[in-house]
Amino acid sequence: METGINRPQKHQGSGAPLTGAQVGDANPPSGERMNEPVQQAQSASPAEQVGGADPRKNLKPDAQTKIDIQHLNFFYGSKQALTDVSLPIREHQVTALIGPSGCGKSTFLRTLNRMNDLIPNTRTEGEAIFEGENIYSKSTDVVLLRQRIGMVFQRPNPFPKSIFDNIAYGLRIQHTSGKQLHEIVEQSLVDAALWDEVKDRLNTSALGLSGGQQQRLCIARALAVKPDVLLMDEPASALDPIATLKIEELITELSANYTIVIVTHNMQQAARVSQYTGFFLSREEYKGRLIEYGPTVEIFEHSKRKETEDYVSGRFG
Ligand SMILES: Nc1ncnc2c1ncn2[C@@H]1O[C@H](COP(=O)(O)OP(=O)(O)OP(=O)(O)O)[C@@H](O)[C@H]1O
Ligand SMILES: [Mg+2]
């Protein structure tokens, strides 16, 4: 049977256009880590506490579930890093994962495209259903899975190749060539809001780009193989505030066509870019549990758990 992760990739021209817009009201990011910035007076409204951003923006309450994670446990050797995590990743929405250092956010993100498989002596239990198929099934084609569910890391990691070859890399593996290759490279750079800055230097080294440009290049590289889902692990934490804002605007634009999961320590950023938020904690008794999940506005303004409220208001981290 041809299912999501077994379906061959087909390129269909340049892909759907991005909607743009809906990013104009983002406040300049602070670039601060989560537990530093939210020091406003207790009387400030939660919306003000998250920088005046409105997490209701772009919320689609009826968005379909793109990945349905059920009872996920994850182990590094005998050490349990995730315990009984269940949540839906909603289609064409941005889901933010927040929580203190070491609570399992990156581990969770990597379970979604089986990047943890690359770490020896690890074990995953539970299910993550992506287009009708369990990501953790033995029959899953992990190469295809990672094309469909792409990843962008905290530190930009361009290959020591030209800008063009960075984007073309995965396409050539898929045997795309000629005019189509050039078209997809250009469209990926356009979609990653980088084309205008690099169109005259496509054959120069990607390592000559600024950090923010390198990160958008990595996003373009991920987009080139036409993923459905983009996983982003603190994609702006190594960037200055202007480059951070560009990445945030880009995430908002991309969410019209892609499902995005972002890990962030920056509460303002979570509020600016995400429609849904999951809060993780790891303590002796918890071991990487999802404490609360819901629409971002609920998590920030009406959290059901005291731990969540304390965390999003900066009382602990
Ligand atoms: N390769 C590994 N081998 C063993 N333990 C690991 C490995 N990677 C992470 N861990 C442990 O798993 C737990 C979760 O780590 P993870 O990196 O997922 O946390 P995180 O929430 O992303 O933290 P941070 O906010 O600091 O990035 C931590 O206790 C960490 O030490
Ligand atoms: Mg991490």
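Structural data are supplied above this passage.
Residues numbered from 1 in each chain as written. Chains lettered and ligands numbered in written order. Predicted model: local features only at pLDDT ≥ 70, side-chain atom pairs only at ≥ 80, totals over all residues.

Caption draft 1: Focus on the overall build of the protein chain. Across its full length, the protein chain carries 11 helices and 10 strands. In the protein chain, once contacts between residues fewer than 6 apart in sequence are set aside, the share between residues at least 24 apart is 74%. (Helix = DSSP H or I, 4+ residues; strand = E, 2+ residues; numbered from the N terminus. Contact = placed C-beta atoms within 7 Å.)

Caption draft 2: Structural detail: the site of ligand 1. Neighbouring residues of ligand 1: Y76, K79, A81, G99, S101, G102, C103, G104, K105, S106, T107 and I119. Of all the secondary-structure elements, those providing two or more residues to the shell around ligand 1 are β2 (79-90) and α2 (105-111). It is α2 that provides the largest number of residues to the shell around ligand 1, a total of 3 residues. Among the residues forming the shell around ligand 1, the class breakdown is 4 nonpolar, 6 polar and 2 charged. (Near = placed C-beta within 6 Å. Nonpolar A, V, L, I, M, F, W, Y, C, P; charged D, E, K, R; others polar.)

Caption draft 3: View of unusual backbone geometry. Positive phi, close to 55 degrees, is recorded for H92, a residue that is not glycine. Its place among the elements puts H92 in the loop between β2 and β3 (94-98). One non-glycine residue, A193, lies in the positive phi region at around 55 degrees. In this fold, A193 is placed in the loop between α5 (178-191) and α6 (195-198).

Caption draft 4: Layout of the environment of F108. Position of F108 relative to the elements: it lies in helix α2. Residue F108 is classed as buried on the basis of its 26 C-beta neighbours within 10 Å. Sequence separation between F108 and F74 is 34 residues; the distance between their C-alpha atoms is 8.2 Å. Apart from the residues lying within four places of it in its own chain, the contact partners of F108 are L82, V85 and L97. (Buried ≥ 20, exposed ≤ 12 C-beta atoms within 10 Å, placed from the backbone.)

Caption draft 5: Molecular detail of the nonpolar core. Counting residues in each nonpolar core, the largest one holds 75 residues, and the members touching the most others are A220, L230, L231, I260, V261 and I262. The element that contributes the greatest number of residues to this core is helix α7 (residues 211-224), accounting for 7 residues. The residues contacting L231, other than those within four sequence positions of it, are L109, L112, N113, I149, G150, M151 and V261. (Core = buried A, V, L, I, M, F, W, Y, C linked by C-beta atoms within 7 Å.)

Caption draft 6: Layout of the pairing of strand β1 (residues 65-76). Bridge count between β1 and β2: 8 bridges; the pairing is antiparallel. Paired with F75 across the strands is Q80, a residue of β2. What sits between β1 and β2 in their antiparallel hairpin is a turn of 2 residues, with G77 showing a positive phi close to 60 degrees. Inspection of the sheet shows β1 paired to strand β4 (residues 122-130) by 8 bridges, in the antiparallel sense. When the sheet's bridge partners are listed, Y76 is paired in β4 with T122. (Pairing = 2+ DSSP bridges.)

Caption draft 7: Helix α4 (residues 163-173), seen in detail. Every buried residue of α4 is accounted for by I163, N166, I167, A168, G170 and L171. Where α4 is buried, its residues touch α5, α6 and α7. Just past α4, the residue H175 takes up positive phi, approximately 65 degrees.

Caption draft 8: View of the sheet that holds β4. Within the open sheet, the 4 strands sit side by side as β2-β1-β4-β5. Their pairing is antiparallel. Taken across any chain shown, the strands that pair with only one partner, and hence form the sheet edges, are β2 and β5 (133-134). In this sheet, β5 lies alongside β4 in antiparallel orientation, the contact comprising 2 bridges. Bridge pairing in β5 places F130 opposite E133.

Geometric values such as these leave the question of function open.
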